[in-house]
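Letter by letter, the chains look like this.
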Amino acid sequence: MASSPSFFITLIILSFLSFCSVHNALVSSFDDDGFSGHQSSGCSSSSSSVVPSSTEFLTSVRSSIEQIRDVTSLVSKYLNGFDDFRLTNAINDCVDLLDFSADELSWTASATENLNGKDNSTGNRKSDLKAWLSAALGNQETCIDGFEGTDSFIKDIIGTSLQQVTSLVKNVLGMVCDQVPSPSSSPAKPSPGHPSRKLMRADVTNFPSWMKAADRRLLQASASGVSANAVVAADGSGTHTSVMDAVLASPDHGTSRYVIYVKRGVYKENVEIKKKKWNLMMIGDGMGATVISGNRNFVDGWTTFRSATFAVAGRGFIARDITFENTAGPEKHQAVALRSDSDLSAFFRCGIHGYQDTLYAHSLRQFYRECQITGTVDFIFGNGAVILQNCQILAKKGLPNQKNTITAQGRKDPNQNTGFSIQFSNISADSDLLALGNSTQTYLGRPWKQYSRTVFMKSYMSSMIRPEGWLEWQGDFALDTLYYGEYMNYGPGAGLDSRVKWPGYHPIYNSTQANYFSVAQFLDGNLWLPSTGVKYTAGLEI
């Protein structure tokens, strides 16, 4: 660490001044707006308005943006002060994540001021606000998480300011009333004759309605039938030889779909699609044929957030027929293959392969269909509002005596719209784990944060799933505040008789309750529309 004592003294003074500024803004915001007693435990379901007052709401949003900008300036002063690779990565993460939060709050302010605006919106204003504010609330937590294994002195200084930002954003999110029914209670268990019906997968072939008709056609067309704006080919036969070069050449803030066709081959590179790259679509020659491969990992000094082989933040991203992989291996611990912070993003027929922390569904609304996802520990994790449908989810062989956990969902506040809903999927062992029999303990998930929320519905579960189904994170942490549910799953690992008895675990026997987690309701209203000429089943009922 190449830093002088005077450098640290300067940082401490700046941190103290920033803390005072944020604290004063907090007090002013709470007292002036009359929300000092507001709690974010959920809004009244009888309220007919989305926010208590546009003026009060906008004042709080703008105050939050100002404080985020101030804290960003503080954090940025640390960027060049250290030789520690991991610490530098963590600080860079914080700068990017605070920038995400500022954007998400700016979208919130814009949508509140312009009720008829359609930019970056699904048309459901309340759902949009909840999605953006939920993401803005979670970013600071990711920033702090990145300091694992670094100098605690720096973490503590930055953390003090970040906690104040979190409090501001939490207050704003709490103002947005949640009018959807809460799935907090389970109805009476049905008779033993309750059927466990097998999904007819061929009947479920539609996409979310926020995906435009032209985009749905692109998802279904053959690669040769798509008119690409850029072509990536390692042999020089395209417009670019690397995926990242094609991304950099794409327009900023594009309002129309920009298609990048990546020809078959293995592209060993780390790709980052920044937040200003809107509406990109990446098409490959097939899962396993077009592969983007990297090996960044925690052991080698990368933060989990920065370890992603492929990371996307630009809104409206779509990928099709591509594999994203992280080849670091189980001994390197956290090593992300794909990270998404792209709102209203979709991944269709994609391979997502790794070991620990394979798929980082970090924030905002995401849809995965017919993907294959492999890993060991927490290999589907994050705090997005995410639906995985018709996917193959395969647990792999990890380190000796290591337990596999499929999900680790990171919802930290009961007002966040986030959670994982896994539907019509195949939950099984990959070939390397299958060869070991059931010697590796594999669980559906464990609670990463206080209000972790995950449901499995109408999915096949092989015998590799432990009878208790779910695993504690540490002691009794979050066991009474999480929401874990299972609905009409089938297969040798789907039995409910020996499942955990936690207060937050809920077998779901009622279709109305289950439909809360369907695409139509969980991802912003009426999200099921038919693809042209294709038979489909819109809800969870067969």
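Just so you know, the residues in each chain are numbered from 1, in the order the chain's sequence is written. Local features in this predicted model are restricted to residues of pLDDT 70 or higher, and side-chain atom pairs are both shown and tallied only at a pLDDT of 80 or more, whereas totals for entire chains, interfaces and linings draw on every residue. Side-chain metrics in this entry use all non-hydrogen atoms of the structure; hydrogen atoms and water are not considered.

Undergrad: Any chance you could explain the overall build of the chain here in plain terms?
TA: Counting its secondary structure elements, the chain contains 10 helices and 28 strands. Counting contacts in the chain only where the partners sit at least 6 residues apart, residues at least 24 apart contribute 75% of the total. As displayed, the chain offers around 20700 Å² of accessible surface, 50% of which is attributable to carbon and sulfur atoms. Runs of E in the DSSP output that reach at least two residues are strands. Runs of H or I that reach at least four are helices, and both are numbered from the N terminus. Residue contacts follow a heavy-atom distance rule, with two residues in contact if any of their heavy atoms lie within 4.5 Å. What sets the accessible areas is the Shrake-Rupley method with a 1.4 Å probe; for residues, cover comes only from the shown protein chains.

Undergrad: For this particular structure, what's the right way to read the side chain of Gln416?
TA: Summarising the element assignment, Gln416 is placed in the loop between β20 (404-409) and β21 (419-423). Whether a residue is buried, partly exposed or exposed follows from its accessible area with a 1.4 Å probe, protein chains only, as a fraction of its type maximum: under 20%, in between, or over 50%, in that order. Assessed through its relative accessible area of 2%, Gln416 is described here as buried. Counted as a polar contact is a pair of N or O atoms within 3.5 Å, where, for protein atoms, one must be capable of donating a hydrogen and the other of accepting one, and residues adjacent in sequence contribute only when both atoms are in side chains. A distance of 3.5 Å separates a polar atom in the side chain of Gln416 from a polar atom in the side chain of Asn383. In contact with Gln416, not counting residues within four places along its chain, are Ser134, Leu137, Gly138, Leu173, Asn383, Arg411 and Arg453.

Undergrad: Which parts of the structure should I look at to understand the UniProt feature "active site" (unreviewed entry) in the chain?
TA: Under the local residue numbering, the UniProt record ascribes the feature "active site" (unreviewed entry) to Asp378. Looking at the element boundaries, Asp378 is found in strand β17 (residues 377-382). Sequence-distant contacts of Asp378, that is, excluding residues within four places in its chain, are made with Asp357, Thr405, Ile406, Thr407, Ala408, Arg446 and Trp473. UniProt positions are given in the numbering used here, feature names are shortened, and annotations may be inferred rather than shown by experiment.

Undergrad: Honestly, the packing of helix α2 (residues 54-76) against helix α3 (residues 85-113) in this entry has me stumped. Any pointers?
TA: Each packed pair of helices is defined by two parameters, the angle between the axes and the distance between the axes. Orientation is described by lines fitted to C-alpha atoms, with helices fitted over the stretch in contact, and by angles between N-to-C directions that extend from 0 to 180 degrees. It is at 9 Å that the axes of α2 and α3 come closest, and there the two elements cross at 160°. On the basis of the axis angle, α2 is roughly antiparallel to α3. Crossing hand, α2 versus α3: left-handed. Roughly parallel means an angle under 35 degrees; roughly antiparallel means over 145; roughly perpendicular covers 65 to 115; every other angle is labelled oblique. Crossing handedness: left-handed means the near helix sits turned counterclockwise from the far one by under a right angle, and right-handed means the same turn made clockwise.

Undergrad: Just to check I follow, could you spell out unusual backbone geometry for this structure?
TA: You will see that Asp357, though not glycine, has its phi angle at about 65°, which is positive. Within the fold, Asp357 resides in the loop between β13 (351-353) and β14 (359-361). The buried category is assigned to Asp357, whose relative accessible area is 6%. Non-glycine residue Leu364 carries a positive phi angle of around 70°. Exposure remark for Leu364: the relative accessible area of 4% places this residue in the buried category.

Undergrad: How should the confidence of the model for the chain be read in this particular structure?
TA: Should pLDDT be low for a region, the predicted coordinates there are not to be read in detail. You can read pLDDT as the predictor saying how much it trusts each residue, on a scale of 0 to 100. Confidence in the prediction for the chain averages 82 pLDDT; 79% of positions are at 70 or higher. Below pLDDT 50 for its whole length, residues 178-205 participates in 64 contacts with residues either more than four positions away or in separate chains. Considering only residues more than four positions removed or in separate chains, one finds that residues 525-538, a stretch of pLDDT under 50, has 41 contacts.

Undergrad: Mind showing me how you'd approach the nonpolar core here?
TA: In globular proteins that are soluble, nonpolar side chains generally tend to be buried together. Residue types Ala, Val, Leu, Ile, Met, Phe, Trp, Tyr and Cys, when buried and joined through side-chain atoms within 4.5 Å, form a set referred to as a nonpolar core. Among the nonpolar cores identified, the biggest contains 57 residues, and Met282, Phe310, Phe324, Phe347, Tyr368 and Ile406 are the most heavily contacted of them. Ignoring anything within four residues of it in the chain, the contact list for Ile406 reads Asp378, Phe379, Ile380, Ile393, Ile427, Thr442, Tyr443, Leu444, Gly445, Phe456, Met464 and Ile465. Counting residues in hydrophobic clusters, the runner-up holds 51 residues, among them Leu87, Leu98, Val169 and Ala311.

Undergrad: Would you explain the state of the cysteines in this entry?
TA: Note on terminology: disulfide describes a covalent bond linking the sulfur atoms of two cysteines. In what follows, a disulfide is any cysteine sulfur pair within 2.5 Å. One pass over the structure, following the stated rule, counts 1 disulfide. Between Cys94 and Cys143 runs a disulfide, and the two sulfur atoms are separated by 1.7 Å. Here the disulfide of Cys94 and Cys143 is right-handed, its torsion about the S-S bond being about 85°. You can see Cys94 sitting in helix α3 and its partner Cys143 sitting in helix α4 (residues 125-145), a full 49 residues away along the chain. Taken as a pair, Cys94 and Cys143 share a single burial class, namely buried. Looking at Cys371, it has no disulfide partner, and the nearest cysteine sulfur is the one in Cys391, 4.7 Å off.

Undergrad: I would appreciate a short explanation of α4 in the present structure.
TA: Helical geometry note: an α-helix holds 3.6 residues per turn, so side chains three or four residues apart project in the same direction. Any helix carries an expected span of 1.5 Å times its number of residues minus one. Across its 21 residues, α4 extends 31 Å between first and last C-alpha, which sits within 8% of the 30 Å expected from 1.5 Å per residue. The element α4 is largely enclosed, with a buried count of 17 among its 21 residues.

Undergrad: Sorry if this is basic, but what is going on with the environment of Gly485 here?
TA: Assignment of secondary structure puts Gly485 in strand β26 (residues 483-487). Taking relative accessible area as the criterion, Gly485 reaches 0% and is therefore assigned buried. Distance from Gly485 to Ala514, taken between C-alpha atoms, is 8.9 Å for residues 29 residues apart in sequence.

Undergrad: What exactly am I supposed to notice about empty space enclosed by the protein here?
TA: If you roll a probe as big as a water molecule over the atoms, it shows you where there is empty space left. The definitions used throughout rest on a 1 Å grid laid over the protein atoms alone, on which a cavity is an enclosed set of points accommodating a 1.4 Å probe that cannot get out and a pocket is an open set flanked by protein within 12 Å on both sides along at least five of seven lines; lining residues are those having an atom within 4 Å of a point. Grid points are joined across faces, edges and corners, and a volume is the space filled by probe spheres set on the points. Tallied over the full model, the rule gives 2 cavities of 30 Å³ or more. The volume enclosed by the largest cavity comes to roughly 120 Å³. Considering every element that reaches the lining of the largest cavity, the biggest residue donor is α4, with 6 residues. Split into classes, the residues belonging to the lining of the largest cavity amount to 3 nonpolar, 8 polar and 3 charged. An automatic or database domain assignment supplies the start and end points of every domain. The two domains that each donate at least three residues to the lining of the largest cavity are domain 1 (51-175) and domain 2 (217-532). Its boundaries defined by the atoms lining it, the second largest cavity holds a volume of some 80 Å³. Lining the second largest cavity are Phe100, Asp103, Glu104, Trp107, Lys275, Trp278, Ala313, Arg315, Asp341 and Leu364. By residue class, the composition of the lining of the second largest cavity is 5 nonpolar, no polar and 5 charged. Both of domain 1 (51-175) and domain 2 (217-532) provide at least three residues apiece to the lining of the second largest cavity. Under the scheme applied, nonpolar residues are Ala, Val, Leu, Ile, Met, Phe, Trp, Tyr, Cys and Pro; charged residues are Asp, Glu, Lys and Arg; polar residues are all the others, including Gly.

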